[in-house]
Amino acid sequence: MQIFYVIFNGKLIPEHEARLSINDLAIVRGYGIFDFFKTVQGLPIFLEDNLDRFYQSAYLMDLPVNYSREEIKQFINNLMQANRIPDSGIKLLLTGGYSTDGYSIAEPNLIISQQPLKRNITLEERGLKLLPFEYHRPFSQVKSIDYVMGIQALKEAKRHGADDILYVQNGLISECPRANFFLISSEGKLLTAADDVLPGITRKKILETANKILDIEVRDISLRDVADAAEAFISSTTKNITPVISLVGFKDFGLQAGPITKQLQHLLQNLIYNK
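Quick summary incoming for the structure in this document.

The rules behind each value
- Residues numbered from 1 in each chain as written.
- Predicted model: local features only at pLDDT ≥ 70, side-chain atom pairs only at ≥ 80, totals over all residues.
- Heavy atoms only, no water.
- Core = buried A, V, L, I, M, F, W, Y, C linked by side-chain atoms within 4.5 Å.
- Buried < 20%, exposed > 50% of the residue type's maximum accessible area, 1.4 Å probe, protein only.
- Helix = DSSP H or I, 4+ residues; strand = E, 2+ residues; numbered from the N terminus.
- Contact = heavy atoms within 4.5 Å.
- Pairing = 2+ DSSP bridges.
- Axes fitted to C-alpha atoms, helices over the stretch in contact; angles between N-to-C directions.
- Parallel < 35°, antiparallel > 145°, perpendicular 65-115°, else oblique.
- Left-handed = near helix turned anticlockwise from the far one by under 90°.
- Nonpolar A, V, L, I, M, F, W, Y, C, P; charged D, E, K, R; others polar.

### Brief notes about the nonpolar core
One recurring pattern in soluble globular proteins is that nonpolar side chains are buried together.
Then step 1. Membership of the largest hydrophobic core comes to 22 residues, with the highest contact counts inside it found for L130, I173, F181, L183 and I234.
Then step 2. Of all elements in the fold, only β7 (128–134), β8 (164–169), β11 (179–185), α7 (223–228), β15 (229–236) and β16 (240–247) reach the threshold of two or more residues within this core.
Then step 3. Setting aside residues no more than four positions away along its own chain, L183 makes contact with K189, L190, L191, D225, V226, A229, E231, A232 and F253.
Then step 4. Ranked by size, the runner-up nonpolar core spans 21 residues in total, among them I72, I76, M80 and I90.

### A few points about the sheet that holds strand β2 (residues 11–14)
Then step 1. An order of β2-β1-β6-β5-β3-β4 is seen for the six strands of this open sheet, with the pairing classed as antiparallel. The outermost strands of the open sheet, each flanked by one partner alone, are β2 and β4 (43–44).
Then step 2. Examined bridge by bridge, strand β5 (residues 88–95) and strand β6 (residues 110–116) share seven bridges and lie antiparallel to one another. Paired with I90 across the two strands is Q114, which belongs to β6.
Then step 3. Against the sheet, helix α2 (residues 47–60) contacts β3 (32–40), β4, β5 and β6, and its axis sits at roughly 175° relative to β3.

### A short note on the packing of α2 against helix α6 (residues 201–210)
Then step 1. Look at α2 against α6: their axes get within 10 Å of each other, and the N-to-C directions meet at 125°. Comparing their axes, α6 and α2 come out oblique. As for how α2 packs across α6, the hand of that crossing is right-handed. Residues D49, N50 and R53 of α2 pack against I201, K204 and K205 of α6.
Then step 2. Taken together, the residues of the contact of α2 with α6 sort by class into one nonpolar, one polar and four charged.

This is the structure in structure tokens:
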């Protein structure tokens, strides 16, 4: 059985030896941030973008990162050499620290972990169903460890035959708990929410790539836009571009990805996997 290693506050240790005290704010109050990227054939994908977002999330949550960018990159390299997992997901977790009063931010703990990650090509081809759910994630620009609503609402999604939920508030669509959301309008424009959504790295790359071939509107999008849309899809590190075949109760988009979604999938494929 393979032993996996983690970086715990700068030190490489076996994963089973990693220990976090029960007075860490991540445990006591659910206070902390993380970031997540993947490696493909041993190559970190979009690492610099993820580090940008990691430091920005930490800043917005008043969590000091006591390591330089180069130190963290060296930690990641050491971890990859120790684990030797060519296709993996790597998580950078920064906790609220060991708080003396159970409420005040303390010295954060930095934990970098790595696990095997297998691409779900079947899901990317087949697509999924989303259930609109009334909620707006607080601190939307932060990749927080707070997934309470996402986990709770998943039960509601399953009850309605959906695979996941799509956050909506006052008729405006924002994002999924673990993915960004896109529409393709009937005119062939790419639409995605402008504000109060997590700045997804895959989302960023899609917008940069699609800008060469499509008209893009980054703006408020609503459930009314769904009625006029021809295609929909989500994006994330683990799901790449996955078509949405149904927004339950509002619209069915078909049993497979539409032509523009397929075109964007091909472009992202070249950007990530065909190097």
